[in-house]
Amino acid sequence: KRVVKQGLLDMKKIVEHLENGDIDYDEVRITFIEGKNMRSIAKTIAENTNNTEQDVFNLLEDEEYIDSLIEKYWFLTDEIKQDDIYYPLEGYLLPDTYAFENEDVSVENIFNVLLNHMDKFLTEYKYEMPNNLTVHQTLTMASMAELEGKSLEDRQEIVGVFFNRVYNGMNLGSDVTTYYAFKVDMG
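Right, let's walk through the structure included here.

Calculation notes
Residues numbered from 1 in each chain as written. Predicted model: local features only at pLDDT ≥ 70, side-chain atom pairs only at ≥ 80, totals over all residues. Heavy atoms only, no water. Helix = DSSP H or I, 4+ residues; strand = E, 2+ residues; numbered from the N terminus. Buried < 20%, exposed > 50% of the residue type's maximum accessible area, 1.4 Å probe, protein only. Contact = heavy atoms within 4.5 Å. Areas by Shrake-Rupley, 256 points an atom, 1.4 Å probe, with all protein chains shown as cover. Axes fitted to C-alpha atoms, helices over the stretch in contact; angles between N-to-C directions. Parallel < 35°, antiparallel > 145°, perpendicular 65-115°, else oblique. Left-handed = near helix turned anticlockwise from the far one by under 90°. Nonpolar A, V, L, I, M, F, W, Y, C, P; charged D, E, K, R; others polar. Phe/Tyr/Trp six-rings, centres within 6.5 Å; stacked < 30°, edge-to-face > 60°. Lys NZ or Arg CZ within 6 Å of the ring centre and 35° of its normal.

**Concerning the overall build of the protein chain**
Along the backbone of the protein chain there are eight helices and three strands. The secondary structure elements of the protein chain, listed N-terminal to C-terminal, are β-α-β-α-α-α-β-α-α-α-α. Per-residue burial over the protein chain gives 37% buried out of 187 residues. Taking contacts inside the protein chain between residues at least 6 apart in sequence as the whole, the part at least 24 apart equals 61%. Accessible area for the protein chain stands at about 11,600 Å²; split by element, carbon and sulfur atoms hold 48% of it.

As structure tokens, this is what we get:
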């Protein structure tokens, strides 16, 4: 399994540990699974760190913090602050296994590591967004297809159907959008 490492220890800390003979290192690895919503991400953070789910939600509600992220990351725009979006970073935290120094890692640090990883991933596609969609629209479509289809082939077909429905002014007819709207987790 691939693990994305946060800058675990800086040189000063390494020297301090060596000088003090204090090599007890409490790395924590957190796996964020594809297709999970922010409520699940908050639960995963709370289960693996000294943060609570409410700590996660409090940070997501901090408009100044969200604005600072929009300034920092090219792929985050004011679209993430729309009224119909429950959690502004939902869909932007790249699923993977990440290593952090210990359970005291802050939610802000966790978000920064995941967003940095997303930045590297999305930069490859920066000028190739499908059908002139924004990054936000593309990630939304990908999230819906992730939950609707079981295989990559299924998801590609589902996205094709979604595009056809959008271009023909039709309702998407997607159960996952209904579940999302009512904040109900899919079984």
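**Considerations on the packing of helix H4 (residues 63-72) against helix H5 (residues 107-123)**
Following both chains from N to C, one finds H4 and H5 inclined at 25°, their axes separated by 12 Å at the closest point. Taken as axis vectors, H4 and H5 run roughly parallel relative to one another. Every pair of crossing elements has a handedness; the one defined by H4 and H5 is right-handed. Here H4 contributes Tyr-65, Leu-69 and Lys-72 to the contact with H5, which in turn contributes Glu-108, Phe-111, Asn-112, Leu-115 and Asn-116. Of the residues contributing to the contact of H4 with H5, the split by class is four nonpolar, two polar and two charged.

**As for unusual backbone geometry**
The phi angle at Lys-183 is positive, at roughly 55°, despite the residue not being glycine. Tracing the sequence through the fold places Lys-183 in the segment after helix H8 (175-181). Given the relative accessible area of 40%, Lys-183 is considered partly exposed.

**So, the packing of aromatic side chains**
Overall, the coordinates contain nine aromatic pairs when judged by the stated rule. Ring plane angle 55° and centroid distance 6.3 Å describe the contact between Tyr-86 and Tyr-87, whose orientation is recorded as tilted. For Tyr-86, a relative accessible area of 32% corresponds to the partly exposed category. On the basis of relative accessible area, Tyr-87 is assigned to the buried category, the value being 10%. The rings of Tyr-73, Trp-74, Phe-75 and Tyr-92 are connected pair by pair, giving a single aromatic cluster. In this structure, Lys-126 packs its charged tip against the face of Trp-74, placed 4.8 Å from the ring centre. One Lys or Arg, Lys-183, reaches over the ring of Tyr-86 and ends 4.4 Å from the middle of that ring.

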